[in-house]
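# Structural characterization, general
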Amino acid sequence: MYLRNSWYVAALSSDIEAKLTALRILDENIVLYRAESGDPVALEDSCPHRRLPLSKGRLLNDNIECGYHGLQFDRSGQCVAVTTQERVPASAVVRSYPVVDRWGLVWIWMGNADLADDNLIVSIENYDNPDWKITTGDALPLACNYLYIMDNLLDPSHVAWVHRASFAAPGTDNTPLEINETDDGVIVHRWIYGNKPPPFYAPLVQFEGDCDRYQYYEAQYPCTAINKGVYVPAGKGGPDFKIDELTYVMISYHFMTPVDANNTRYYWLQHRNTEPDNEEVTESIASGARAAFLEDRDVLEAVHTGIANETTRHINLGLDAASLQFRRKLDKLILSESGESP
Ligand code: FES
Ligand SMILES: [Fe+2]
């Protein structure tokens, strides 16, 4: 039910220190810590002796000492000391996971370690450009399956109802959507012409009056979403628009980490091309995004429960086309990875 050969966000980099942190990802228990070199380390959180979680032990330099009988494991997962006897059993080993610190996030590879390639981690254009500014989000727990969040992030229409006070504006409810399939996922996008900017963006855009607005929602397998909002003065938008000094661009990166079938941790970053040093703007974007994602959480947790308890099959609408396309291909990828024929 998960695509394992993929990078997932394990934690915010700022949350990982030289102490043991227990995490659950794709139904697996993992202990994460930062080694003395500064590199993050992720091991299976289960001592092979009596299965006490290693996260209940303690760090001795870079090694974990089990809290029950003192087995010591190095950062590769190999047991290197058994205090109660001389011989270290050959099978005293725990799985170690490839991990990479990038974009202020710790990434973990949940599949075959030989296939872990850090070039597969999402790229963030302009990350080092001083004219752009990143706002780092939270690790938000949601009591719902990750695919409901992916559906939501391929659905620009929902903003008209779920985010009335932030992202909604005339045209978000009924402007036709265009869908493109890519090698990595699905993109759904549209221009909405000649309206007031929505409340969240009105104080941020760099011009007065009405705007043309581009909504770009991209989902990449298995659980990354990139939303781009572009705002230009009314009359300047459209497929051939040219970026200029009045163009406001906000790119939101969303990373879902499935905990299990019913729970997900949601990470996000916001990246904008204006006022990089304006702390007030940064703070209002951070708090505005958080408030909007709490609105999504409220709906998606209830959707998860509603569908789990349904007695008649729910229906689909035209607005679901992109997410259904995404789910179909992801199912095939998961089946083919697990060796079953799609
Ligand atoms: S349970 Fe870990 S050493 Fe016994
Ligand atoms: Fe939303």
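One can find the structure itself at the top, above this paragraph.
Residues numbered from 1 in each chain as written. Chains lettered and ligands numbered in written order. Predicted model: local features only at pLDDT ≥ 70, side-chain atom pairs only at ≥ 80, totals over all residues.

## Some remarks on the sheet that holds strand E12 (residues 133–142)
- Reading across the sheet, the seven strands line up as E12-E18-E17-E16-E15-E14-E13 and stay open at both edges, with antiparallel pairing between neighbours. Looking at the sheet topology across the chains shown, the edges are occupied by E12 and strand E13 (178–181). Averaged over all neighbouring strand pairs, the angle between strand axes comes to 15°, with direction disregarded.
- Pairing analysis gives ten bridges linking strand E15 (residues 211–220) to strand E16 (residues 224–233), with the strands arranged antiparallel. By the bridge assignment, Ala 219 is partnered in E16 with Ala 225.
- Along the sheet, helix H3 (residues 279–308) makes contact with E12 and strand E18 (263–272), crossing E12 at roughly 25°.
- Sitting on the sheet, helix H4 (residues 321–337) is in contact with E13, strand E14 (185–195) and E15, with an inclination near 165° to E14. (Pairing = 2+ DSSP bridges. Helix = DSSP H or I, 4+ residues; strand = E, 2+ residues; numbered from the N terminus. Axes fitted to C-alpha atoms, helices over the stretch in contact; angles between N-to-C directions. Contact = placed C-beta atoms within 7 Å.)

## Brief notes about unusual backbone geometry
- In this structure, Pro 222 follows Tyr 221 across a cis peptide bond, with omega equal to -5°.
- Note that Pro 222 resides in the loop between E15 and E16.

## Observations regarding the nonpolar core
- Ranked by size, the top nonpolar core spans 63 residues in total, and within it Ala 10, Leu 32, Ile 108, Ile 149 and Met 150 carry the most contacts.
- Each of two domains, domain 1 (7–119) and domain 2 (124–337), supplies a minimum of three residues to this core.
- In contact with Ile 149, not counting residues within four places along its chain, are Leu 142, Cys 144, Met 256, Thr 264, Tyr 266 and Leu 300.
- In this structure, Phe 167, Phe 200, Val 205 and Tyr 231 belong to the second largest nonpolar core, which totals ten residues. (Core = buried A, V, L, I, M, F, W, Y, C linked by C-beta atoms within 7 Å. Buried ≥ 20, exposed ≤ 12 C-beta atoms within 10 Å, placed from the backbone. Domains from an automatic or database assignment.)

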